[in-house]
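Okay, here's what each chain looks like letter by letter:
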Amino acid sequence: MFRRRLRIAGFRDERRRRAAVVAALVAVNAALLAAGAGRGGGDRTAARVRVGLVFDVGGLGDRSFNDAAYRGLVRAARELGVHVQTIEPGDGSDRESALRQFASQGYDLVIGVGFIFTDDIRRLAGEFPAVRFACVDYAIAPGDPPPPPNLLALRFREHEGAFVVGAIAGLETRTRVVGFVGGMNIPLIRKFEAGYTAGVRHVCPDCRVLSAYAGTDPKAFADPVKGRELADAQYQRGADIVFHASGKTGAGVFQAARERGRFAIGVDSDQFHEAPCCVLTSMVKKVDVAVYRAVDDVVRGRFRGGVRELGLGDDGVGFVYDDNNRDRISPATIERVRQIEADIRAGRLEVPHR
């Protein structure tokens, strides 16, 4: 009974924290919009550029994927002087209508955050050839045509970053059992799992990697109760470190880590503050950098459609090692991991993505 009350209280606290984060981000957005609207002495071309961004499942305040995209947008508003606007949609039809709203108003760049926007944004790019579009995690299947010339497909080599944090887990585990919790079971998230598993086994061939997914539809990225259940099951089976790639579902992974006194690895953003007691590191996917660069390309008149993929060699993925977690990862592990990173960048080490 106590554990049940603790779990409910934990998620109530999480909802309050998320509401506070959203309120703060909205206030920042309003301030930036006001500053941009009042700017008269800066780059007049940039001041006329309007950028609309539509969030993914989980929305603003997820402290992960969506918030990373928002950081890039905030930076563009601050440094480039562009006007920015965001929409947080509900279901699938809302996503399409949100993109269409920006496009029909003649925004200079319309950004969809997440693979789920792929079909809608490709179709709208054909309907609005004068509008530039960008899609984070644009999905490309074998045989698919290339993106149209007004659509920038932003992709990442997530498996490379996952390999590195997998190596950290494999070197730091004491039980020789580690876990992975994914959100929606799709090729994109399986890239995280493949890289992570390969990284663990590269440094610890006899380590076991336990894997589980929260579901097969987009709601799997917004189910912290399921995330807690999956992580807790892995901790019970001996895992002392669990890496998640599950969006807001990861809040449940952190909850389980707190309750069990074990480690978790964050994703997309530095998630240390989600569970200061228990975050070993985070695999950083620099969505903010990708978004900022796309806006900057529009401002400078060098926007080109096509596929842009970022990995370790492009500073597009990485891991967190700073004062918050320096005492949790041994110097020997860091030395080994830095060499692994160098080998991946130089092409001496090939990382599997499936």
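Note: the structure precedes this text.
Starting from 1, residues in each chain are numbered consecutively following that chain's sequence as written. For this predicted model, a pLDDT threshold of at least 70 governs which residues receive local features, and a threshold of 80 or more governs which side-chain atom pairs are given and counted, while totals over whole chains, interfaces and linings are taken from all residues. Based on all heavy atoms of the structure, the side-chain values leave hydrogens and waters out of the count.

## Examining the overall build of the protein
Turning to step 1, where the next piece is worked out: In terms of regular secondary structure, the protein is built from 11 helices and 12 strands.
Turning to step 2, where the next piece is worked out: Here the term buried applies to any residue with accessible area under 20% of the maximum for its type, exposed to any over 50%, and partly exposed to those in between, with areas from a 1.4 Å probe on protein chains only. Burial status across the protein gives 57% buried among its 354 residues.
Turning to step 3, where the next piece is worked out: Working rule for contacts: check all heavy atoms of both residues, and any pair within 4.5 Å makes them a contact. Long-range contacts, defined as pairs at least 24 residues apart, comprise 70% of the intrachain contacts of the protein with a sequence gap of at least 6.
Turning to step 4, where the next piece is worked out: Surface accessibility of the protein: about 14900 Å² in total, with carbon and sulfur atoms responsible for 50%. The way it works is that DSSP assigns letters per residue, a run of H or I at least four long becomes a helix, a run of E at least two long becomes a strand, and they are numbered from the N terminus. The protein chains shown are the only cover counted for residues, whose accessible areas, like all others here, come from Shrake-Rupley with a 1.4 Å probe.

## Considerations on the side chain of H244
Turning to step 1, where the next piece is worked out: Here H244 is to be found in strand 8 (residues 241-245).
Turning to step 2, where the next piece is worked out: Definition of a polar contact: a pair of N or O atoms within 3.5 Å, with one able to donate and the other able to accept a hydrogen when the atoms are protein atoms, and with sequence-neighbouring residues admitted only if both atoms are side-chain atoms. Within the structure, H244 has its side chain in polar contact with the side chain of S246 (distance 2.8 Å).
Turning to step 3, where the next piece is worked out: Among the polar contacts listed, one links the side chain of H244 to the side chain of Q271, at a separation of 2.8 Å.

## Remarks on the state of the cysteines
Turning to step 1, where the next piece is worked out: Throughout, a disulfide means two cysteine sulfur atoms within 2.5 Å of one another. All chains considered together, the criterion is met by 2 disulfides.
Turning to step 2, where the next piece is worked out: Two residues share a disulfide in this structure: C204 and C207, whose sulfurs sit 2.0 Å from each other. Looking down the S-S bond of the C204 and C207 bridge, the torsion is 75 degrees, so its handedness is right-handed. In this pair, the class of C204 matches that of C207, namely buried.
Turning to step 3, where the next piece is worked out: Disulfide pairing is shown between C277 and C278; the S-S distance is 2.3 Å. Looking along the S-S bond of the C277-C278 disulfide, the torsion reads about -90 degrees, which is the left-handed sense.
Turning to step 4, where the next piece is worked out: According to the relative accessible area criterion, C278 is buried, its value standing at 4%.
Turning to step 5, where the next piece is worked out: Disulfides within the protein link the bonded cysteines, taken in sequence order, as 1-2, 3-4.

## A look at the pairing of strand 7 (residues 208-215)
Turning to step 1, where the next piece is worked out: As paired elements, strand 6 (residues 177-184) and strand 7 share 7 bridges and run parallel to each other. Counted as the bridge partner of V181 is A212 from strand 7.
Turning to step 2, where the next piece is worked out: Orienting the strands away from the viewer, one traces the path from the first strand over the helix to the second; a clockwise path indicates a right-handed crossover. Handedness of the strand 6-helix 7 (residues 187-203)-strand 7 crossover: right-handed. Two strands make a pair as long as DSSP finds a minimum of two bridges between them.

## Remarks on the packing of aromatic side chains
Geometrically, a pair of aromatic rings is defined through the distance of the ring centres and the angle of the planes.
Turning to step 1, where the next piece is worked out: Working definition: a ring pair exists when centres of Phe, Tyr or Trp rings (six-membered ring for Trp) sit within 6.5 Å. Plane angles under 30 degrees give stacked, over 60 give edge-to-face, the rest tilted. Across all of its chains, the model carries 7 aromatic pairs by this definition.
Turning to step 2, where the next piece is worked out: On the basis of an interplanar angle of 35 degrees and a centroid distance of 6.3 Å, the ring pair of F180 and Y196 is categorised as tilted. With a gap of 16 residues between them, F180 in strand 6 and Y196 in helix 7 connect regions that are remote in the sequence. The same class applies to F180 as to Y196, namely buried.
Turning to step 3, where the next piece is worked out: Looking at R75, its charged tip hangs above the ring of Y292, at a distance of 3.6 Å from the centre.
Turning to step 4, where the next piece is worked out: Our definition puts a charge over a ring when NZ of Lys or CZ of Arg is within 6 Å of the ring centre and also within 35 degrees of the ring normal. Stacked on the ring of Y321, the Lys or Arg R326 has its end atom at 4.9 Å from the ring centre.

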